[in-house]
Amino acid sequence: HPQAGKDMSSADTFLEAFLDDISNLPFEIRRNLELLRELDRLYQVSSDKLQVAENAYIERAQRTILDFPLPIHEEDEAVVVPTTEELRAFIHNPEELEKIETYRRDTQQLIEEKKAVANQTYNIIQCALDKLDTDLAEYENLLRGTGEFLKAPVVKNERTVKQNLAAVPPNIRLLAKPNELCAMRVNPAQLGTDAEWILGKVISYNPETGLFVVSDEDPDSIEKKKFTLPESQIKTVGYGLEKVSKGDTVFAVYPETTSFYQATVSQPPRKISGSVAAVPSNLFIYVQFKDDSDEFGITHEKMVMLNHVTKINSS
């Protein structure tokens, strides 16, 4: 961001300015956290004193009421029941009540101080994040000016981020790269595990639009069909699945087809004999496909290459 006396014409001066601006941030946050910890301790002490004083007052009041002398009416010797006001005046102890009120004020003040320090800490962090966003935008402009900036895939808003993350299981690379196999959903109306996913290959990806150009990997097609699809209709295959275990649910390409079907892992991934790198194209697993039992009700294992396996969210 623009600052007097700081030349932002190079990455070095930009970084120096940024580090200078945030140099005190850890100290300020640590100081506030330590203050919050001390306020917590003082609050606990004050709260304990308040509780002890209130309990003592209640216990003394109960004992006093039990000792309250009940007058007898002279004419019929009936017991005269005291009024609530009389009982309250009988147990009233101004000194104890003042002590309780003091503890309450002290406790409430500590609560307000904790809230103020917590809000201040939040504002410090938020200001730092806002400034970081501004500085990154300035740095991006600097790189654009030098021709060194390569725009990464951009998600439009927080909702899109959550949808993208929810659609892909943990530890799986979010975006397939050109010349890699992928799972693609051609029909955008189909959702979840009921959607039809087929095997494809990424031809190109446009980070500005978030669109993939993919080809159908059907070996029977003389001319491979090409599709332009958004990120939500493309999934990586194999990546992040190297440690799937027996019993895990996956979607795998059924042998001699290019369609993905739900299956259960029956044997974990293994390397092809003679291969070196443990990458999806060199690994295979055994699965049992859903609804694939023979006439005797037995579901046989089938071997599938790991780069023909993916995870599909149910939502």
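Residues numbered from 1 in each chain as written. Predicted model: local features only at pLDDT ≥ 70, side-chain atom pairs only at ≥ 80, totals over all residues. Heavy atoms only, no water.

(A) Structural context of the sheet that holds strand S10 (residues 309-310). Sheet architecture is open: 5 strands sit in the order S9-S8-S7-S6-S10, paired in antiparallel fashion. Each end of this open sheet is capped by a strand with a single partner; those strands are strand S9 (302-305) and S10. (Pairing = 2+ DSSP bridges. Helix = DSSP H or I, 4+ residues; strand = E, 2+ residues; numbered from the N terminus.)

(B) Broad picture of the sheet that holds strand S2 (residues 198-206). On the basis of which strands lie adjacent, the open sheet formed by 5 strands has the order S4-S3-S2-S1-S5 and antiparallel pairing. Among the strands making up the open sheet, the edge pair consists of strand S4 (226-230) and strand S5 (234-236). When strand polarity is set aside, the average angle formed by the axes of neighbouring strands in this sheet is 45°. (Axes fitted to C-alpha atoms, helices over the stretch in contact; angles between N-to-C directions.)

(C) Here's a closer look at the environment of Glu112. Assignment of secondary structure puts Glu112 in helix H4 (residues 94-146). The exposure class assigned to Glu112 is partly exposed, which follows from its relative accessible area of 38%. (Buried < 20%, exposed > 50% of the residue type's maximum accessible area, 1.4 Å probe, protein only.)

(D) Quick look at the nonpolar core. Membership of the largest hydrophobic core comes to 13 residues, with the highest contact counts inside it found for Val250, Ile285, Val287, Phe289, Val304, Leu306 and Val309. For this core, the secondary structure elements donating two or more residues are strand S6 (249-253), strand S7 (260-271) and strand S8 (283-289). Among the elements that line this core, the one with the most residues is S8, at 4 residues. For Leu306, the residues in contact, after removing those within four places along its chain, are Val237, Gly238, Leu241, Glu242, Pro269, Pro280, Leu283, Phe284 and Ile285. (Core = buried A, V, L, I, M, F, W, Y, C linked by side-chain atoms within 4.5 Å. Contact = heavy atoms within 4.5 Å.)

(E) Representation of the pattern of salt bridges within the structure. Taken as a whole and judged by the stated rule, the model has 7 salt bridges. Here Lys302 and Asp292 are joined by a salt bridge, their closest N and O atoms 2.8 Å apart. A residue pair is termed long-range when its members are at least 10 positions apart, and Lys302 in strand S9 and Asp292 in the loop between S8 and S9 qualify at 10 residues. We classify Asp292 as buried; its relative accessible area is 18%. (Salt bridge = Lys/Arg side-chain N within 4 Å of Asp/Glu carboxyl O.)

(F) Layout of helix H2 (residues 25-66). For H2, spanning 42 residues, the distance from its first C-alpha to its last is 61 Å, which sits close to the expected 62 Å at 1.5 Å a residue. Among the residues of H2, those classed as buried are Asn32, Leu36, Leu39, Ser46, Leu50, Ala53, Tyr57, Arg60, Ala61 and Thr64. (Expected span 1.5 Å × (residues − 1).)

(G) Local environment of unusual backbone geometry. With a phi close to 75°, Asn179 is a non-glycine residue in the positive phi region. Along the polypeptide, Asn179 turns up in the loop between helix H5 (158-167) and strand S1 (181-184). With a relative accessible area of 62%, Asn179 lands in the exposed category. Despite not being glycine, Asp291 has its phi angle at roughly 55°, a positive value. The topology assignment puts Asp291 in the loop between S8 and S9.

(H) Layout of the side chain of Gln233. On the secondary structure map, Gln233 appears in the loop between S4 and S5. In contact with Gln233, other than residues within four places in its own chain, are Ala183, Met184, Arg185, Val186, Asn187, Pro188 and Trp197.

(I) Local environment of the packing of aromatic side chains. This structure, assessed with the given rule, holds 4 aromatic pairs. A ring pair is formed by Phe284 and Tyr286, whose centres lie 6.0 Å apart and whose planes are at 80°; its orientation type is edge-to-face. Here the aromatic residues Tyr254, Tyr261 and Phe289 are joined through ring pairs into a cluster of three or more. Sitting over the face of the ring of Tyr57, Arg60 holds its NZ or CZ atom 5.2 Å from the ring centroid. Here the basic side chain of Lys114 rests over the ring of Tyr43, its NZ or CZ set 5.3 Å away from the ring centre. (Phe/Tyr/Trp six-rings, centres within 6.5 Å; stacked < 30°, edge-to-face > 60°. Lys NZ or Arg CZ within 6 Å of the ring centre and 35° of its normal.)

Geometric descriptors of this kind do not, in isolation, establish any biological role.
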